[in-house]
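An overview of the molecular structure
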Amino acid sequence: MSDGLTAEVLRNALVVAAEEASIVVVRSAYSTFIVEGSDASAAILDVRGRLIAHSTATTLMNSMALKVALPELLRDVPPGTMRPGEVYVLNDAYRGGVHTNDLLVYRPVFVGDAPRYFTATMIHVSDLGGLSAGGMAPLATDIFLEGLQLPPVRLATANGLEPAVEAILRANSRTPDKVMGDVRALVAGAAVAAARVAALVEEYGEDGLEAGVEDYLDHTEASTRAALSDLPEGRFEASYPIDDDGVHPGEPHHVRVAVTLGGRRAVVDFAGTGPQVPAAINASASQSMAAAVFAVRCFLDPSIAMNDGCLRAIEVRLPEGSLLNARSPFPCGGRFVPVYAAMEAIFQALSDAVPERAIAASGILQPFSIAAVGAPYWIHLSYDFGGVGARQGLDGPDATGVHFGIGRNSVPQAEPVESRCPLVVESIETVPDSGGPGRHRGGLGSRTVYRFLADCHVTTRGDRLRLAPPGRDGGLPGRLGGFFRRHLDGTVEPLASKVNNVRFAAGEAFIVETTGGGGIGSPAERDREAVLADLEAGRVTPRGALEDYGVSPDG
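Bear in mind that the values here come from a model prediction, so they are computed numbers and not experimental data. (Residues numbered from 1 in each chain as written. Predicted model: local features only at pLDDT ≥ 70, side-chain atom pairs only at ≥ 80, totals over all residues. Heavy atoms only, no water.)

To continue, consider the overall build of the protein. Tallying secondary structure elements over the protein gives twelve helices and 20 strands in all. A globule of 555 residues ought to have a C-alpha radius of gyration of about 24 Å, and the protein, at 23 Å, matches this closely. Over its C-alpha atoms, taken along the principal directions, the protein stretches across nearly 75 × 60 × 40 Å. Taken across its 555 residues, the protein has 60% of its residues classed as buried. Of the contacts made within the protein by residues no fewer than 6 positions apart, 73% connect residues no fewer than 24 positions apart. Here the protein displays about 19,600 Å² of accessible surface, and carbon together with sulfur accounts for 52% of that area. (Helix = DSSP H or I, 4+ residues; strand = E, 2+ residues; numbered from the N terminus. Rg over C-alpha atoms; globule rule 2.2 N^0.38 Å. Buried < 20%, exposed > 50% of the residue type's maximum accessible area, 1.4 Å probe, protein only. Contact = heavy atoms within 4.5 Å. Areas by Shrake-Rupley, 256 points an atom, 1.4 Å probe, with all protein chains shown as cover.)

As structure tokens, this is what we get:
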């Protein structure tokens, strides 16, 4: 397809097809986190397992899972045995999945008598068993404690859902009606995208669509290689620690990376990363690959599309049996803990390579769940974001986090959560002085207070709550956050970063404080007017201005 305009129209049509699928999932789902947080992903792939397009809502962690898992599906269910209208599902973390609550759904798109493309949707369904409601299980010591595992199986035919699979899903969920509502939303989204792809085949012809896809992927590869060639050649190494694994408090683990640039490609090698552990701080390969690709792309032209063409220029090496490539039965539910360490290590390695684009370390998202202590079950899944590290020449954004898992996703708003769960969101605010002081200040962390109207269980899975995100070039670390219980008498008790089913009484409050980002450059070099502006905006206090920057508000 030599017509550049036609190719661009086709590319956007594929993205829109995936985007429409994700919107259908959000509008059809039952779980609060999906409906209010827009937590849904959709992608279009081909029978060769190549990622062609994904929606603007789709996170790289999810589209990479959909890409890596498709060949596993085709291994178990050869394309020649598939029939029109069939839909398949899996969640196996060791075969491309994420963790047990993330269901990956695929629908083949037939061209003639054979599947040529696949539409895929994915969400975190409300509950599929495990140690705690909502799929958190921060203290799981093996995969079996994290919930139901599904190998690739047929979920539906042209006549509807497979009754046996529905029975299995219902029997393993605390909230079966919500889960099945979520599943039907996934099937509906995949069907809408499949119809759009079929229409494109009709419009452009079998060969025309295939040629357009090839041109699109080749163009993305060329653009990625060109951007990589602008980076300095060499080998750049870094590491980043994990606070602990939750089972052995105070015992850190490390992710190590070497990024080699040259020859219009990047090789990201995690040799030396700590071994997998019987605790929920391991990641599956798809998640670690996504984190690595995301981190490298942060130093490239942001207009470059994300598809299989980009992946041809970035090689990711993940030692098997490490924190970043766990094997059964090691748990993978806490995958974001090691992959954020992997992202941070790459950020710091590439900041050394390209100092003018450097970024200090960031606070990360702090997930938690709040759930009923017994039937009938209600569940609130959420996370709050830490402050982003300062960039070279810019302060870090407040309470937004550097997150490879966020596309259109957002933290659910207070009112819908209060209407669905017996709790009151008392306050949401940024925390003054929490951003690491520096010539450029780190982004602020946040504080959210939930007061409970009924007894409930709280489960947390945090990190960077003991080891603060460091600054760069003389900048100081961000302020540590934490999880806390406010008792009925007003006293506040800190909780561990990773706790499972801590029982709170009605009237007590759960406080989530996120960690601020690190600063860049000496605080003594910060412009006085910038400090005074922070004072006026409430980002720093008079004490912080004086102690951290030597600036008195009184002159």
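Quick look at the nonpolar core now. Core analysis: the biggest nonpolar cluster contains 80 residues, and Tyr106, Phe270 and Ile346 have the highest contact counts within it. Ranked by the residues each element gives to this core, the list is headed by helix H9 (residues 336–353), at 13 residues. Among the nonpolar cores identified, the runner-up in size contains 25 residues, and Val25, Val89, Ile123 and Leu161 belong to it. (Core = buried A, V, L, I, M, F, W, Y, C linked by side-chain atoms within 4.5 Å.)

Glancing now at the sheet that holds strand S16 (residues 456–461). Read across the sheet, four strands follow the order S13-S12-S16-S19 without closing on themselves; strand pairing throughout is antiparallel. The strands lining the two open edges of the sheet, one partner per strand, are strand S13 (379–384) and strand S19 (498–504). Averaged over all adjacent pairs, the angle separating strand axes in this sheet is 15°, with direction ignored. Two strands pair when backbone bridges link them, and strand S12 (residues 366–371) and S16 are joined in this way by four bridges, in the antiparallel orientation. Note that in S16 the partner of Phe368 across the bridge is Thr460. (Pairing = 2+ DSSP bridges. Axes fitted to C-alpha atoms, helices over the stretch in contact; angles between N-to-C directions.)

Paired through their backbone hydrogen bonds, the strands of a sheet run either parallel or antiparallel. With respect to topology, seven strands assemble into an open sheet ordered S2-S1-S5-S4-S3-S6-S7, the strand pairing being antiparallel. The open sheet has two free edges, formed respectively by strand S2 (51–54) and strand S7 (160–161), since each of these has just one partner strand. As judged from the three bridges shared by strand S1 (residues 41–46) and S2, these two strands associate in the antiparallel manner. The residue of S2 that forms the bridge with Leu45 is Leu51.

Our focus in this paragraph is the pattern of salt bridges. All told, the structure shown has 45 salt bridges when counted by the stated rule. The salt bridge partner of Arg116 is Glu206, with a shortest N-O separation of 2.6 Å. Here Glu206 lies in helix H6 (residues 206–229) and Arg116 lies in strand S5 (residues 114–124), a separation of 90 residues in the sequence. Ionic pairing is found between Arg447 and Glu429, a salt bridge with its closest N-O pair at 3.3 Å. Linking Arg447 in strand S15 (residues 446–452) with Glu429 in strand S14 (residues 423–430), this pair joins segments that are 18 residues apart in sequence. On the accessibility criterion, Glu429 (37% relative accessible area) is partly exposed. One network of salt bridges, in which partners are shared, links Asp395, Asp398, Arg441, Arg526, Asp534 and Arg539. (Salt bridge = Lys/Arg side-chain N within 4 Å of Asp/Glu carboxyl O.)

Taken as a whole and judged by the stated rule, the model has nine aromatic pairs. When the ring of Phe452 is compared with that of Phe504, the centres are 5.5 Å apart and the planes differ by 90°; the resulting orientation is edge-to-face. One end of the pair, Phe452, is in strand S15; the other, Phe504, is in strand S19, with 52 residues separating them in the sequence. In this pair, the class of Phe452 matches that of Phe504, namely buried. Aromatic rings pair up to connect Phe368, Tyr450, Phe452, Phe483, Phe504 and Phe510 into one cluster. (Phe/Tyr/Trp six-rings, centres within 6.5 Å; stacked < 30°, edge-to-face > 60°.)

Here we come to helix H3 (residues 60–76). An ideal rise of 1.5 Å per residue puts 24 Å on 17 residues; H3 measures up with 25 Å between its terminal C-alpha atoms. Extensive coverage of H3 is indicated by the burial of 13 of its 17 residues. (Expected span 1.5 Å × (residues − 1).)

Looking now at the packing of helix H7 (residues 285–297) against H9. As a packed pair, H7 and H9 sit with axes 9 Å apart at the nearest point and diverge in direction by 25°. When the axes of H7 and H9 are compared, the pair comes out roughly parallel. Here H7 and H9 pass one another in a crossing that is right-handed. Residues Gln287, Ser288, Ala291, Ala292, Phe294, Ala295 and Val296 of H7 lie in contact with H9, whose contacting residues are Val339, Met343, Ile346, Phe347 and Leu350. (Parallel < 35°, antiparallel > 145°, perpendicular 65-115°, else oblique. Left-handed = near helix turned anticlockwise from the far one by under 90°.)

This part is about the pairing of S19. Each regular strand carries side chains that alternate between the two faces of the sheet. By the criterion of burial, S19 is predominantly enclosed, with five of the seven residues buried. Here S16 pairs with S19 via five bridges, running antiparallel. Across the sheet, residue Thr460 finds its bridge partner in S19, namely Val499.

Moving on to the side chain of Asn62. Note on placement: Asn62 falls in helix H3. What makes Asn62 buried here is its relative accessible area of 7%. Once residues lying within four places of it in the same chain are set aside, the contact partners of Asn62 are Ser41 and Met122.

Taken by themselves, the reported measurements are silent on function.
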